[in-house]
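Geometric and topological summary
Listed here are the chains, written in short residue letters.
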Amino acid sequence: PAGHRRCADRRNACGWQVAMGFAYGELGLYAEAERALREALTESERMGLHNLSVRAKNNLGNILCRRGALDEARRFEEQAVQACMAQGDPRLEAASRNYLAHILELGGDREGALREARKAAELASETPTLRAHAHGRISRLLRAMGQRAEALEEARAASVLLEGLGRIDEGESEIRLALAERSE
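Rules used in this analysis
- Residues numbered from 1 in each chain as written.
- Predicted model: local features only at pLDDT ≥ 70, side-chain atom pairs only at ≥ 80, totals over all residues.
- Heavy atoms only, no water.
- Helix = DSSP H or I, 4+ residues; strand = E, 2+ residues; numbered from the N terminus.
- Rg over C-alpha atoms; globule rule 2.2 N^0.38 Å.
- Buried < 20%, exposed > 50% of the residue type's maximum accessible area, 1.4 Å probe, protein only.
- Contact = heavy atoms within 4.5 Å.
- Areas by Shrake-Rupley, 256 points an atom, 1.4 Å probe, with all protein chains shown as cover.
- Axes fitted to C-alpha atoms, helices over the stretch in contact; angles between N-to-C directions.
- Parallel < 35°, antiparallel > 145°, perpendicular 65-115°, else oblique.
- Left-handed = near helix turned anticlockwise from the far one by under 90°.
- Nonpolar A, V, L, I, M, F, W, Y, C, P; charged D, E, K, R; others polar.
- Expected span 1.5 Å × (residues − 1).

1. Here's the deal with the overall build of the chain
Counting its regular elements, the chain contains nine helices and zero strands. Along the chain direction, N to C, the helices and strands of the chain fall in the order α-α-α-α-α-α-α-α-α. For the chain, the C-alpha radius of gyration of 17 Å lies close to 16 Å, the compact-globule estimate for 184 residues. Looking at the chain as a whole, 45% of its 184 residues are labelled buried. Within the chain, contacts between residues separated by at least 24 positions form 56% of all contacts whose residues are at least 6 apart in sequence. Accessible surface, the chain as shown: approximately 9,500 Å² in total, 49% of it carbon and sulfur.

2. Thoughts on the environment of Glu122
Mapped onto the fold, Glu122 is located in helix H6 (residues 110–123). Sequence separation between Glu122 and Ala134 is twelve residues, and the spatial gap between their C-alpha atoms is 9.0 Å.

3. Some remarks on the packing of helix H3 (residues 50–66) against helix H5 (residues 90–106)
With their axes 10 Å apart at the nearest point, H3 and H5 run at an angle of 20 degrees to one another. Between H3 and H5, the angle falls in the class roughly parallel. In this structure, H3 crosses over H5, and the sense of that crossing is left-handed. Taken together, the residues of H5 that come into contact with H3 (itself represented by Val54, Arg55, Asn58, Asn59, Gly61, Asn62 and Cys65) are Leu92, Ala95, Ser96, Tyr99, His102, Ile103 and Leu106. Of the residues belonging to the contact of H3 with H5, the class tally is seven nonpolar, six polar and one charged.

4. Some points on the environment of Thr42
For Thr42, the position within the fold is in helix H2 (residues 30–47). In this structure the C-alpha to C-alpha distance between Thr42 and Ala56, which are 14 residues apart in sequence, comes to 9.3 Å.

5. Here's the deal with helix H8 (residues 148–165)
In an α-helix, one turn spans 3.6 residues; hence positions three or four apart end up facing the same way. The first and last C-alpha atoms of H8 sit 25 Å apart over 18 residues, in line with the 26 Å expected at 1.5 Å per residue. One or two steps after H8, the chain reaches Gly166, where phi turns positive at roughly 90 degrees.

6. Brief notes about the side chain of Gln17
With respect to the helices and strands, the residue Gln17 is situated in helix H1 (residues 2–26). Given the relative accessible area of 18%, Gln17 is considered buried.

So yeah, pure geometry; function would need other evidence.
So this is what it looks like as structure tokens:
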């Protein structure tokens, strides 16, 4: 029993480490976020906790993107997408693809970014917060590519979702920016 409790404690601690990494990132403490997520990734992989390792990769890719390490961010996010597909987790796959879309956009691959954002929106059919964020990203990408009519449709889709939700935890500023750009 004592060994079981220690194992459960390590598993819980690893989950909290992932959550702390995300929280650090939301606060702009990217070095702390990266450190926490790398530690969680190492421990979750060592323990064979695939559901935690994919969450760590998903968040680590986003943090590395924010730190400007786009190649490494892309590798982690692509690994997260593959793991989500293998695990059958469409919600986390949608989040990972949305992060990957942002990474690709920053790296200059708008077509790849658009493909990933569209796939994220499709996968997020049961998660309106993620779908709204994906539609906002799609709108901004299409606008940057000169496809104003389609960008407007995507901004409207994001707006309808956002109005119904009131607010979302992540991506609201991107949606509002897409809405502001539609009037230009």
